[in-house]
Amino acid sequence: MFEPLTQRRYLLSFKAARLPQQVADVIVIGGGVAGLRAAIASAEAGADVLVMTKDTLDESNTWYAQGGIAAVLQPLDSFEAHIRDTEVVGVGLCDEAAVKLVVEEGAARVIELLQWGANFDRQSGNAYDLAYGLEGGHSFARILHAYGDATGRELAQTLIGKAHSNDLIRISERTFAIDLITHEGNCVGVLALIGGQVQVIWARRTILASGGAGQLYRESTNPKIATADGHAMAYRAGARVQDMEFVQFHPTTLYVAGASRALITEAVRGEGAHLIDRNGDRFMNDYHPDGELAPRDVVSRAIVEQIRKTFFTHVFLDVRHLDAGKFRARFPQLARLVDEFEIDMSTDPIPIHPAMHYMIGGVDADEYGRTSLPGLYAVGEASCSGLHGANRLASNSLLEGLVYGARAGTDAAAEARKVTTSFPLQLEHSVAPSSKTELDIADVRNSLRSVMWRNVGIERDGERLTETREIIAFWSRYVMDKTFNPKEIAAAAIAGWELQNMLTACYLITTAALSRTESRGAHFRTDFPDRDDKHWRLHLLWGRPTETPIPEPID
Ligand code: FAD
Ligand code: SIN
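Residues numbered from 1 in each chain as written. Chains lettered and ligands numbered in written order. Predicted model: local features only at pLDDT ≥ 70, side-chain atom pairs only at ≥ 80, totals over all residues. Heavy atoms only, no water.

Details of the site of ligand 2
Around ligand 2 sit Q66, G67, H250, L263, T265, E266, R296, H357, R392, A394 and S395, and that is every residue in its neighbourhood. A distance of 2.7 Å is found between an oxygen atom of ligand 2 and a side-chain nitrogen or oxygen belonging to H357. One of the side-chain nitrogen or oxygen atoms of R392 is found 2.7 Å away from an oxygen atom of ligand 2. Looking at the shell around ligand 2 residue by residue, the classes come out as two nonpolar, six polar and three charged. (Near = heavy atom within 4 Å. Polar contact = N/O pair within 3.5 Å; in protein donor to acceptor, adjacent residues only side chain to side chain. Nonpolar A, V, L, I, M, F, W, Y, C, P; charged D, E, K, R; others polar.)

Put into structure tokens, the structure is as follows:
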């Protein structure tokens, strides 16, 4: 039933010899925190690096990150406390070695950012007097932020500046990676659309840093680029993916009809904002002893439940009791956002609703970001390093991108030097023409996002997951057999490839969610509401050609 998804190898026919070709020591797919940090590390280790981004460098999840980056930099804080917080939120599925590594190396990576000029907020004019925020699940105020709620932009600009200053790094924006090329079981490069033309870029090592999957859901905090391309292309090329059932929903996005679901950072609750329902009742203490600062899966589910109980469409974030001037200065982006919608935060609570925020599952990667496919690394949101387990602690993601980006970049440069393959290779692939009806790509994309939101969202159950798989299988028969010709309209071809990637990732998420018959972290099954350590303290790995997961128990 799922052959179109589990067997299609490349999204297009190609003959390498007939296409323009380039060679790089290291290709990095993605120009967010993970990709840029990887590129910098590879270039510093002497590799020539090509970074490709599907849109411009300012369109990434990294750019839009608000709340901050968690790091243990204060004497009263400790690595042990940050490790414990990460593991508590990860509910028994965190990889202990990965957590230790990220927390301990993360502090050094953040100090390095400061040395590169990142302007994190200070409490006073003193350069060493950094300001730290608190977010859900953290037992200590350890979240660094920049320009209040524009942390991602500052971090990205710092890394972009550093990358631009290194002559070994070339950055190719508006370049769409279509597929990873494999030869004799190794990843040897990428097929990409550059300036409307398909090109082959041979690489001694390839680093996948293509970010998240928010666009798989109708309601999401992620920008348009987040269509899970990396998850899907790695799966097609034969790399294993892991923990795909774990999708994180952020509790607080602005709920205004017709507006996109803009994130309202969790740090707002860290500064004392309350969640109230339509009756003005503050409800979070009924659901968790940490109230508004409970882990975000708990808060998201509590909001859904409260919406149900009060027969309403949303709840509210209430900051009326906080000092308005100070609040606007601390959260300038939020202040601008609510002004746009003529919401006066000092007199009116802000309407909010949860939305898909972060893809926890991804391409299975080891401590250097190496995947099960030789030659391919995966870092950042596209990867599954084991750091987050069943749920991600707030502000741990930028940190993960920095740490694994640096590790993978250095390792890839060293490994690239050992490669003896002489490029170009004479590779080709042919996809049979489709004889089936065309479906409207935009229609299927919208319907898929709605179905995922309704059936594979904050709450799931076996019947709806089964139905969703059937729907995905049906659409796949008509979408996965098509090829898209960029010579006609490049944007239409990209939309087609994105939909093929989205269907693949939705298949993996839905199948994994159906397989895990328990509730844990971000994965909540109404038909199996309890956590089941006896049977489910394990990861689910997915690799071609099987349609069933490979369970990997946790020692
Ligand atoms: P991204 O930053 O998303 O970069 C992905 C890159 O891959 C982009 O350059 C894109 O163009 C490229 N790409 C994708 N597909 C292709 C393709 N087919 N071809 C070529 N290029 C491709 N985390 C925190 O730790 N703290 C926060 O405060 C925080 N706030 C957030 C707020 C928002 C609104 C969002 C959406 C996320 C937030 N997160 C936060 C999560 C965090 O921002 C991301 O997980 C992290 O930035 C991911 O980094 P990345 O480098 O893996 O991917
Ligand atoms: C936020 O600012 O609430 C997002 C933080 C995160 O996703 O880690």
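Points about the sheet that holds strand β6 (residues 143–144)
The strand order across the open sheet built from three strands is β4-β6-β5, with neighbouring strands paired in antiparallel fashion. Only two strands of the sheet have a single neighbouring strand rather than two, namely β4 (69–70) and β5 (132–133). Taken together, the two bridges between β4 and β6 define a ladder with antiparallel strand orientation. Across the sheet, A70 pairs through a bridge with I143, a residue of β6. (Pairing = 2+ DSSP bridges. Helix = DSSP H or I, 4+ residues; strand = E, 2+ residues; numbered from the N terminus.)

A closer look at the site of ligand 1
The environment of ligand 1 is made up of 39 residues, and the closest members are T62, G68, A177, E381 and S397. N61 is positioned such that a nitrogen or oxygen atom in its backbone is 3.0 Å from an oxygen atom of ligand 1. Surface burial for ligand 1 is 98%, taken as the share of its 1000 Å² of free accessible area covered by protein chains. Those elements that provide at least two residues to the shell around ligand 1 are α2 (33–44), α3 (61–64), β8 (175–183), α7 (229–237), β15 (350–359) and α12 (397–418). (Areas by Shrake-Rupley, 256 points an atom, 1.4 Å probe, with all protein chains shown as cover.)

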